[in-house]
Amino acid sequence: MAAEAERAFPALQITEIKLADVLFSSVLLTQKGNVLLGSNQGLFQVSKTDNVPYPIALAGQPVNVFGQDQQGHVWIEAIAPDLTGLYLREDCGGLWLWEEENASLRTIPCFPYGRHKFGPDGALWTWASMNITFTKWKPGAFINGKAPDLTVTCDQDIIKNEAFHIRTVDFDRSGLVWLGTNGFGVLKMVTAPRKFTSYLEGTTQRVITEDPQGHLFAMGFRQTAYRSVQLDKVFPNPWATPFDPIDDRSITVFDNQGNAWVNSNRDSLFRIDARTKSKQYFPWKGLGLICTKDGKLLSIHQEGLLQLDPATAQSRLIPFDTLPASQLAFRYSRFLYEDPTGTIWIFAFKGLIEARPKEHSYQYHYYRNDPTHFGSLSEDYVLSVAADPLEPTRYLWVGTKGGGLNRLDRANGTFRHFKTQQGLPDNVVYGVLPDDHGHLWLSTNRGLCRFHTRKETTRNFTAADGLQSNEFNQSSYLRTRSGHLIFGGVNGLTVFYPDSLQFNEYQPATAITRVWVNNELASYRAGARQKKSAPLLEATNQGQLYLNLTHRQNLLSVEFAALEYSNPAQNHYRYQLIRNNSFGQGETSAWVDLGSNNSVQLANLRPGHYQFRVLGSNYDGTWSNQPDLLSFTIRPPWWATWWAYLAYILLTALAVGLVYRIQLRQRLQVQEAFRLKELDQFKNRFFVNITHEFRTPLTVILGLSKQLKTSKTPLSARESTHKIDLIQRNGENLLRLINQLLDLAKLESGNLNLNYIQGDVVPYLRYVAESLHSLAAVRGVSLQIDYPNDPIVMDYDPERLQQIVHNLLSNAIKFTPADGQVVLQAQVEKMVGQPSSQLLLLVRDTGVGIAPENLPHIFDRFHQAAHLEKAFTGGTGIGLALTRELVHAMGGAIKVNSQVGKGTAFRVHLPIRQLAAPAQASPPEPPTISTNTSASPSPEKG
C-alpha cells in the first residue's frame, strides 16, 4: 500500500515484465500498436496475449530501439553490453532498420561513436559526443548518404572541461536541443539561425557612409572601405583625407556629380574629385554636412545655415531669424536631415528647427519642449529624424535622448509621444530608419525596436537575436541604396534586409506553473508539513486547475510560462479575468498585456466564481492558440450568501409590508374621514338643490291653486284653462325630476328596461326639440334644429331618447346667455372599423363653456351642484350623469369638447339597428316644460 501511495497514477494497472539475464534499455510503441524492447540480448516484442516478450531480431546484440520514421522503419542502434555507454564498431555497422511489415532487418552506414534520435517533427538527429556537433537529417537522406539539413555545434565554454560528458539528449517542438550532462546541469542549444548578422566585432562604430558605388566606410575607420554590406571585401578608402588618422569626426557626403565633400570639423571643407581623387580645400566653419536635392551643401553655424554651391564654389550664411538655444556638445552627427518636400530639419541645438525653402532661402520654425503643453516636443535633446514611410509629407518622426519617439503632425504642429509605456525598449532613441512596409527601426541602449507607424505596435530585439550588442551608438545608422539597414554600436555593425528576416512561427503552449494564495504556495497534494488551511489545487473534469477559497483568501499570485525557451526573456504574456457572481451574472475584463512579466497578482477579489486565462507568445510575437486556465471560487461569508440575501429580502419585504399596512390604514382613515365630510357636503348640496327644484314647481302649483280657490271674481274660461295648464306643466316637471332619480337608481341596479321600436327618428327628435322652444325663447336663446331630408329608420327607445336629448338641450339653454345659440344636429355617420352606421347627435352652444379641469368630472353625479353660480338657473347635477348611463345602455358613446367663453359641444353616437318591430302608431308626444315665468308670483318666496 505504501508503494502504491507513492505512485503518480495509482489508478493505472501495472504489469512488471522480467526475463532472466536480460536488461531492457528502451521501449517503442510502433504505428501498428506493437511494443518493441531494446536490450542487451537483442530486439524483443511483447506478446499481446500474455505480455511476455519474445526475441525477433539481433539475438545477443546489445541494442537500443530509438524510433520509427514516417515510412514505418524501426531504427535500432548498437550500444555497450552493460547499457552504460556507446558501443564502437570498427565497421560502422551499428545501425539497423527493421521492417515491421515483413519483419526484415538491414544494416545502414553510420558514424563511429554516433548517437541517433528522432525529433518531434520526424527529423533524424545524429551527434558525436567528442565534439558536441548535432546534425539534422531527413531519414531518407541519411539512409541514401545525402547532405543533412542542418549542422549545429555547441559553443559553450563548459564543454571544454575534460570531465564533461553528455548523458542524454532531447528535442522539443520549437527546435531546441536539450543536453543532460554528468553533473554539469542541463544545456540548451538553439538550432534556429539568428535573425541578424553583425560584423566588425570588438569595434565601436559611429557615422556610416555609402559612396555612389555602394562601398561602405565608417567614421573612425576611414582608411578602410568595404565593397558590400557583408563587409567581407576590404580595400583602401579612396575618400580619406589627410586629417582622417587624427580626426575621427569627419562627415562625408557626395554631390550629384559623385564628388566627395568632407567636413573635418577643423574649419575646413575638402572636395575629393570623383574621377581623379584630387583634393581641394575650402575654408569652412560649420558642423555637420548634407547635400540637398538641388545640389547645395549645408552645414550648421551658430547664427544660421551655411550653404555652398559646388558649381560656383560660392558660400553664404542664411541667418536664423531668432538665435536658437545653446548648441549640443555632441559632434558625431550630420545634425541635418532633408525630407521628401525639401524641408531641412536641424537638430544641432536644443529642440528642433524646421527650415522651409522660400525664394532661394529658408523660413524657420522652432519646436521646443513645453512642460505645460502635452502636444509639444517631449525632450529638447534630438538625436535623429525621419520622414513617415507612408505619409512622408505629413508626419515626421523624431528620436530623442530620454523622451522616446515623437511623431510631429505637420498639419497642426503637435507631437505624439511613444515611450517604454507604449512598448519601446528604452526612451533613448539613437537612430530612426524606415522600411518599405510602414515600420520604423529604432536603435536604443536596450536593443533594436521595430515600430509600426499605424498599428503602433512594437517588436523588440536583443543581442540574443544576433545584434552586435544591446547598446547602440548615436548617429550610427544608415539605409543603403539596396534597402539594407545598418546600425552601429559598441561591438560592431548589425546589417540586415527587413524583408529577409525570418520569424519563429511556432505557437507555444502556455502553462500556469505556480499559484500563491495569500502568499502561500498552493499545491496539488496535502503534505505532512502543510497547514490544514493551505489551498489545494484540484482538477476539473476538463482537466483545468481549480481552487476553492474562503472570502479571506482573496489575494492570488499566479506565475506562468510560455513553453518556448529559445529566448524566454523576450516571451510576452497577456491575461484576462472573468468573474461570475453568485447570481450568475458575468463580468469579463479586457485582455491585459504584461509584456515580458510572467506573473501577476490579483488583490482584493470579491466573492464569486472566477476564470483566469493567460496567453503567451514566443520571442517573435507568435501567440498561443489556446489559453491556460485557472478556475477558482471565492466563497462569500455567511452574511453575503444567497440564502442570507434571500432572508434579507424576506425581512425587508415583511418590514415594508408592515409599514405599508400601517400607512395604508392611516390613509384609509384619512380618506374615510374625508369621504364622510364630502358625503355630508354632498347631502347638504343635494338637499338644497333638490329642494330648490321641488320648491319652484310646488310654489307655482300652490300659488295658482290658492288664486283659483280664493278668487272673489269669477275667472273666465280662458284664464282658468291657462292657470290649470301651468299647474299641470309644473306637476309634470316635478314628475320628470322624480323619474330621473328613479331611472338612475334602476341603472345602478341593472333593472332599467329599454323598449325599442323601429321608426324614423327624425320627427321624434324634432318634437323633443320643439318642446323646448318656449324655454329658449324665455332665455333669449336661439334654438336651431339641423336634420337630413331623408328619414333615419332605426331602433330606439322613445322615452330614453327623449331624456337624452331633453337633458342636453335644456342644459345648453340654461348655460347659454341671452342672444346665444343652441344647435341640435342629427346625421348618419359611417364609423371606421364599424360594420354598421351610427346616428350622430351633436348639441353645441355658445354658452359659458366648461373649464378644462372640470371636463373629466362633467358626467359625475351631482357635479353641477357645485357650480350653480355659473348657470342662469340651477339644477340637481344628475341630468348629464343619467344621460351618459342611458347612452351606454343603448350601446352608444358620448363625448364633450368645450372652451371657456366660447361654448360646449356634446357628441352622441347611437348604433343604427333595425331589429325591433316597426311602430304601429305615432310616437308619444314629448312632454312640455314649464318656464315658471307665466305663473303669478308666489306668495311664498322661501
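What you see is a predicted model, and the numbers here were worked out from it, not measured in a lab. (Residues numbered from 1 in each chain as written. Predicted model: local features only at pLDDT ≥ 70, side-chain atom pairs only at ≥ 80, totals over all residues. Heavy atoms only, no water.)

### Brief notes about the overall build of the protein chain
Then, in step 1: Check the secondary structure of the protein chain and you find eight helices and 61 strands.
Then, in step 2: Burial analysis of the protein chain (942 residues in total) assigns 46% to the buried set. (Helix = DSSP H or I, 4+ residues; strand = E, 2+ residues; numbered from the N terminus. Buried < 20%, exposed > 50% of the residue type's maximum accessible area, 1.4 Å probe, protein only.)

### Topic: the nonpolar core
As a rule of thumb, nonpolar side chains are buried together in soluble globular proteins.
Then, in step 1: Core analysis: the biggest nonpolar cluster contains 42 residues, and Leu 801, Leu 809, Leu 839 and Leu 841 have the highest contact counts within it.
Then, in step 2: With seven residues, helix α7 (residues 798-814) is the largest single contributor of residues to this core.
Then, in step 3: What Leu 809 contacts, discounting residues up to four positions off in sequence, is Ala 769, Leu 772, Leu 783, Val 822, Leu 824 and Val 843.
Then, in step 4: Leu 547, Leu 594, Leu 602 and Ile 634 belong to the second largest nonpolar core, which has 26 residues in total. (Core = buried A, V, L, I, M, F, W, Y, C linked by side-chain atoms within 4.5 Å. Contact = heavy atoms within 4.5 Å.)

### Some thoughts on the packing of aromatic side chains
Then, in step 1: A complete count under the given rule lists 36 aromatic pairs for this structure.
Then, in step 2: The interplanar angle of 75 degrees and the centroid separation of 5.1 Å between the aromatic rings of Phe 196 and Phe 461 together place this pair among those described as edge-to-face. A residue pair is termed long-range when its members are at least 10 positions apart, and Phe 196 in the loop between β15 (186-190) and β16 (197-199) and Phe 461 in strand β40 (residues 458-461) qualify at 265 residues. Accessibility classification places Phe 196 together with Phe 461 in one group, the buried group.
Then, in step 3: The exposure class of Phe 196 is buried, given its relative accessible area of 4%.
Then, in step 4: Its guanidinium or amino end placed over the ring of Phe 235, Arg 227 lies 4.1 Å from that ring's centre, counting from NZ or CZ. (Phe/Tyr/Trp six-rings, centres within 6.5 Å; stacked < 30°, edge-to-face > 60°. Lys NZ or Arg CZ within 6 Å of the ring centre and 35° of its normal.)

### Focus on α7
Then, in step 1: Here α7 contains 17 residues, and its C-alpha end-to-end distance of 24 Å stays within 8% of the 24 Å for a straight helix at 1.5 Å per residue.
Then, in step 2: Across the 17 residues of α7, 14 count as buried, placing the element largely inside the fold. (Expected span 1.5 Å × (residues − 1).)

### A few points about the sheet that holds strand β34 (residues 395-400)
Then, in step 1: Ordered in space as β33-β34-β35-β36, the four strands form an open sheet in which the pairing is antiparallel. Where the open sheet ends on each side, the last strands, each with one partner, are β33 (382-387) and β36 (414-418). For this sheet, the mean inter-axis angle between neighbouring strands, taken without regard to orientation, is 25 degrees.
Then, in step 2: In this sheet, strand β35 (residues 405-409) lies alongside β34 in antiparallel orientation, the contact comprising five bridges. The residue of β35 that forms the bridge with Leu 396 is Leu 408. (Pairing = 2+ DSSP bridges. Axes fitted to C-alpha atoms, helices over the stretch in contact; angles between N-to-C directions.)

### Concerning the pattern of salt bridges
Then, in step 1: For the structure on display, the rule yields 29 salt bridges.
Then, in step 2: The residue Glu 16 makes a salt bridge to Lys 18 at a minimum N-O spacing of 3.3 Å. Accessibility classification places Glu 16 together with Lys 18 in one group, the exposed group.
Then, in step 3: Where Glu 672 meets Arg 675, a salt bridge forms, and the shortest distance between an N and an O atom there is 2.7 Å. One end of the pair is Glu 672 and the other is Arg 675, both in helix α3 (residues 642-710) and three residues apart, which spans about a single turn. (Salt bridge = Lys/Arg side-chain N within 4 Å of Asp/Glu carboxyl O.)

### A short note on the UniProt feature "transmembrane region" (unreviewed entry) in the protein chain
Then, in step 1: Under the feature "transmembrane region" (unreviewed entry), the UniProt entry names residues 642-660.
Then, in step 2: For residues 642-660, the end-to-end C-alpha separation is 26 Å, with 100% helix and 0% strand making up the annotated structure. (UniProt positions renumbered as here; feature names shortened; annotations may be inferred.)

### Quick word on unusual backbone geometry
Then, in step 1: Its identity is not glycine, yet Lys 277 carries a phi of approximately 65 degrees, on the positive side.
Then, in step 2: Of note, Lys 277 is situated in the loop between β23 (268-272) and β24 (279-283).
Then, in step 3: Using a relative accessible area of 28% as the deciding quantity, one classes Lys 277 as partly exposed.
Then, in step 4: For Asn 604, which is not glycine, the phi torsion reads 55 degrees and is therefore positive.
Then, in step 5: Looking at where Asn 604 falls in the secondary structure, it is placed in the loop between β52 (599-602) and β53 (608-617).
Then, in step 6: By relative accessible area, Asn 604 is classed as exposed at 66%.

### Focus: the packing of helix α5 (residues 761-770) against α7
Between two packed helices, the angle of one axis relative to the other and the distance separating the axes together describe the packing.
Then, in step 1: The contact between α5 and α7 brings their axes to 10 Å, and the two run at 45 degrees. With respect to each other, α5 and α7 are oriented oblique. The crossing of α5 and α7 is right-handed. For the pair α5 and α7, the contacting residues are Val 761, Tyr 764, Leu 765, Val 768 and Ala 769 in the first and Pro 798, Glu 799, Leu 801, Gln 802, Val 805, His 806 and Leu 809 in the second.
Then, in step 2: Considered class by class, the residues forming the contact of α5 with α7 number nine nonpolar, two polar and one charged. (Parallel < 35°, antiparallel > 145°, perpendicular 65-115°, else oblique. Left-handed = near helix turned anticlockwise from the far one by under 90°. Nonpolar A, V, L, I, M, F, W, Y, C, P; charged D, E, K, R; others polar.)

### Comments concerning a nonpolar patch on the surface
Then, in step 1: Nonpolar side chains collect at one region of the surface, where Trp 638, Trp 639, Trp 642, Trp 643, Tyr 645, Leu 646, Tyr 648 and Leu 650 lie side by side and expose about 960 Å² of accessible area between them.
Then, in step 2: Relative to the assigned elements, Tyr 645 resides in helix α3. (Patch = residues over 30% accessible without salt bridge, like charges linked within 9 Å, V, L, I, M, F, W, Y side chains within 5 Å. Areas by Shrake-Rupley, 256 points an atom, 1.4 Å probe, with all protein chains shown as cover.)

### As for the sheet that holds strand β59 (residues 837-845)
Working definition: the strands of a sheet are paired by backbone hydrogen bonds and lie parallel or antiparallel to each other.
Then, in step 1: Read from one edge to the other, the open sheet built from five strands follows the order β56-β58-β59-β61-β60, with strand pairing classed as mixed. The two strands at the open ends of the sheet, each matched to only one other strand, are β56 (782-786) and β60 (893-899). Mean inter-strand twist for the sheet, computed between neighbouring axes without regard to direction, equals 15 degrees.
Then, in step 2: Across seven bridges, the pairing between β59 and strand β61 (residues 903-911) is antiparallel. The residue bridging Leu 841 from the neighbouring strand is Val 908, located in β61.
Then, in step 3: Here α5 sits on the sheet and contacts β56, β58 (821-830) and β59; the angle it forms with β56, its principal contact strand, is near 180 degrees.

### A closer look at the environment of Gly 140
Then, in step 1: Structurally, Gly 140 is set in helix α2 (residues 139-143).
Then, in step 2: In sequence terms Gly 140 and Asp 69 are 71 residues apart; their C-alpha atoms lie 9.3 Å from each other.

### Brief notes about the pairing of strand β8 (residues 104-107)
Then, in step 1: Across four bridges, strand β7 (residues 95-99) lies against β8 in antiparallel orientation. Paired with Trp 98 across the two strands is Leu 105, which belongs to β8.
Then, in step 2: Linking β7 to β8, which pair antiparallel, is a turn of four residues; within it Ala 103 sits at a positive phi near 55 degrees.

### What about helix α8 (residues 879-889)?
Then, in step 1: Turning to α8, its buried residues are Gly 879, Leu 880, Ala 881, Leu 882, Thr 883, Leu 886 and Val 887.
Then, in step 2: Phi turns positive one or two residues past the end of α8, at Gly 891, with a value near 80 degrees.

### Section: the side chain of Asn 40
Then, in step 1: By the secondary structure assignment, Asn 40 is in the loop between β2 (35-39) and β3 (42-46).
Then, in step 2: Only 2.8 Å separates the side chain of Asn 40 from the backbone nitrogen of Leu 23, close enough to count as a polar contact. (Polar contact = N/O pair within 3.5 Å; in protein donor to acceptor, adjacent residues only side chain to side chain.)

### Quick notes on the environment of Thr 588
Then, in step 1: Note that Thr 588 resides in strand β50 (residues 586-588).
Then, in step 2: On the basis of relative accessibility, which here comes to 55%, the residue Thr 588 falls in the exposed class.
Then, in step 3: Considered as a pair, Thr 588 and Gln 576 are 12 residues apart in the sequence and their alpha carbons are 7.8 Å apart.
Then, in step 4: Those residues within four positions of Thr 588 in sequence are excluded, and the remaining contacts are Gln 576, Leu 577 and Ile 578.

### Examining the side chain of Thr 453
Then, in step 1: Looking at where Thr 453 falls in the secondary structure, it is placed in the loop between β39 (447-452) and β40.
Then, in step 2: In this structure the side chain of Thr 453 is engaged in a polar contact, spanning 2.9 Å, whose partner is the backbone oxygen of Gly 438.
Then, in step 3: A distance of 3.2 Å separates polar atoms of two side chains, one belonging to Thr 453 and the other to Arg 454.
Then, in step 4: Discounting residues that sit within four places of it in the chain, Thr 453 has contacts with Asp 388, Pro 389, Leu 390, Trp 397, Gly 438 and Leu 440.

### Here's the deal with the packing of α7 against α8
Then, in step 1: Running from N to C, α7 and α8 point in directions that differ by 145 degrees, and their axes come no closer than 9 Å. For the pair α7 and α8, the crossing hand works out as left-handed. Residues Arg 800, Gln 803, Ile 804, Asn 807, Leu 808 and Asn 811 of α7 lie in contact with α8, whose contacting residues are Gly 879, Leu 880, Leu 882, Thr 883, Leu 886 and Val 887.
Then, in step 2: Its residues assigned to classes, the contact of α7 with α8 comprises six nonpolar, five polar and one charged.

### Some details on the environment of Tyr 767
Then, in step 1: Mapping Tyr 767 onto the fold places it in helix α5.
Then, in step 2: Under the relative-accessibility criterion, Tyr 767 is labelled partly exposed at 37%.
Then, in step 3: Residues Tyr 767 and Gln 802, 35 residues apart in the sequence, show an inter-C-alpha distance of 9.3 Å.

### Focus on the confidence of the model for the protein chain
Then, in step 1: Counting all residues, the mean pLDDT for the protein chain is 85, and 88% of those residues have values of 70 or more.
Then, in step 2: Counted against residues more than four places away or in other chains, residues 86-92, with its pLDDT under 50, gives 18 contacts.
Then, in step 3: Predicted confidence is poor over residues 865-874, with pLDDT under 50, and the contacts of this stretch with residues over four places away or in other chains come to 23 contacts. (pLDDT = per-residue confidence, 0-100.)

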